[in-house]
Amino acid sequence: MRVVLAQPRGFCAGVVRAIDIVERALEKYGEPVYVRHEIVHNKHVVDTLKNKGARFVEELNEVPDGAVTVFSAHGVPQAVVKDAQARGLPVLDATCPLVSKVHNQGKRYVAHGRELILIGHAGHPEVEGTMGQVGAPVTLVQSDTDVETLTIPSDTPVAYITQTTLSIDDTKTIIAALKRRFTDIVGPETTDICYATQNRQTAVRELSKLVDVILVVGAKNSSNSNRLREIGHEVGTPCYLIADGSEVEPDWFNGAETVGITAGASAPEVLVEDVIDALRRLGPVEVSELTGRQETIEFRLPPELTDSTAGRATAKV
Ligand code: SF4
């Protein structure tokens, strides 16, 4: 069996920074460090950090007074920030800078008197965080059919922003529907879909031209991993989202000569290696990697954690 690895795949700069924040907080302040929500959507990452002393909670009221608290990469609503401030909790904010950029963009549109529309998936923590950050009501749309049911008058000044981890094509369709629906609408020059999501989606499209089956390594609750799986389906290549090698099913490869592997932005490379090992247990495997776009983006760590480093996030897990 030939195995082709997508490039880029796996960890993005926002995930590396978020994990680094938890690891360095543990080193600097000692355990436990409390993390509100999964720091990134990956069980392996969460379990590894748990073993090092991190405690994951869903709500701030589960954090004891005075405990070092980390907000996850997805961002949090203002109410959570204020709650933490009121309690005097020492907070390290691991919100991805690209998510914060969307928050700020939304606030600017609201300040200019526009009604805000957020394109995203209901219930995702990034969406909940963004809706709770802009300080005004936000209308969520999840599909172009949602646009048709909006009750906002068509001449209302509106603006749209988007979740960072959507499908590029779905987002384009929804924006086109919004532009048909509203006469005075503005949005970011490019969509808010982040560089990592774009690059991984482009890479999986390239991969699909070369392989018979695609395996996406990522968590079931990872938005960007689900979008990668959907792209595989759209282009007609059988595509499976798996957490690790234990979920590989031999039947998927009947008649397949070439298998493509990619990984969502929150999935560590060790899980890609675990999947390759699982394929090796089925027979001889020859591994190659696509020459895709090289990513060089790095985000700085919060100043509290940069005493003894150059401030660059480097986590691998
Ligand atoms: S996927 Fe994009 S927005 Fe999300 S953490 Fe990574 S870089 Fe940031």
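Calculation rules
- Residues numbered from 1 in each chain as written.
- Predicted model: local features only at pLDDT ≥ 70, side-chain atom pairs only at ≥ 80, totals over all residues.
- Heavy atoms only, no water.
- Helix = DSSP H or I, 4+ residues; strand = E, 2+ residues; numbered from the N terminus.
- Expected span 1.5 Å × (residues − 1).
- Buried < 20%, exposed > 50% of the residue type's maximum accessible area, 1.4 Å probe, protein only.
- Pairing = 2+ DSSP bridges.
- Axes fitted to C-alpha atoms, helices over the stretch in contact; angles between N-to-C directions.
- Near = heavy atom within 4 Å.
- 1 Å grid on protein atoms, 1.4 Å probe; cavity = no way out; pocket = protein on both sides within 12 Å on 5 of 7 lines; lining within 4 Å.
- Sits in = over half its atoms within 2 Å of the grid points.
- Salt bridge = Lys/Arg side-chain N within 4 Å of Asp/Glu carboxyl O.

### Topic: helix α8 (residues 195-208)
Each turn of an α-helix holds 3.6 residues, which means side chains three or four residues apart point in the same direction. Between its first and last C-alpha, α8 extends 20 Å over 14 residues, near the 20 Å set by a 1.5 Å rise per residue. Burial runs high along α8: 10 of the 14 residues are buried. Residues of α8 that are buried: Tyr 195, Ala 196, Thr 197, Asn 199, Arg 200, Gln 201, Ala 203, Val 204, Leu 207 and Ser 208.

### As for the sheet that holds strand β5 (residues 91-93)
Strand pairing in a sheet takes place through backbone hydrogen bonds and is either antiparallel or parallel in direction. Spatial strand order, β3-β2-β4-β5: 4 strands in an open sheet with parallel pairing. The open sheet has two free edges, formed respectively by β3 (54-57) and β5, since each of these has just one partner strand. Across this sheet, the average inter-strand angle for adjacent strands is 25°, counted without regard to direction. By the bridge criterion, 4 bridges tie strand β2 (residues 33-36) to β3 in an arrangement that is parallel. Its bridge partner lying in β3, Val 33 is registered against Ala 54.

### So, the site of the ligand
Surrounding the ligand, one finds Cys 12, Gly 14, Cys 96, Leu 98, Thr 164, Thr 165, Cys 194 and Tyr 195. Placement of the ligand is best described as lying within the largest cavity.

### So, the pattern of salt bridges
Applying the stated rule across the entire model yields 15 salt bridges. For Arg 9, the salt bridge is made with Glu 289, and the minimal N-O distance between the two is 2.7 Å. Residue Arg 9 is located in the loop between β1 (2-5) and α1 (13-29), and its partner Glu 289 is located in strand β13 (residues 286-289); the two are separated by 280 residues in the primary sequence. Exposure remark for Arg 9: the relative accessible area of 14% places this residue in the buried category.

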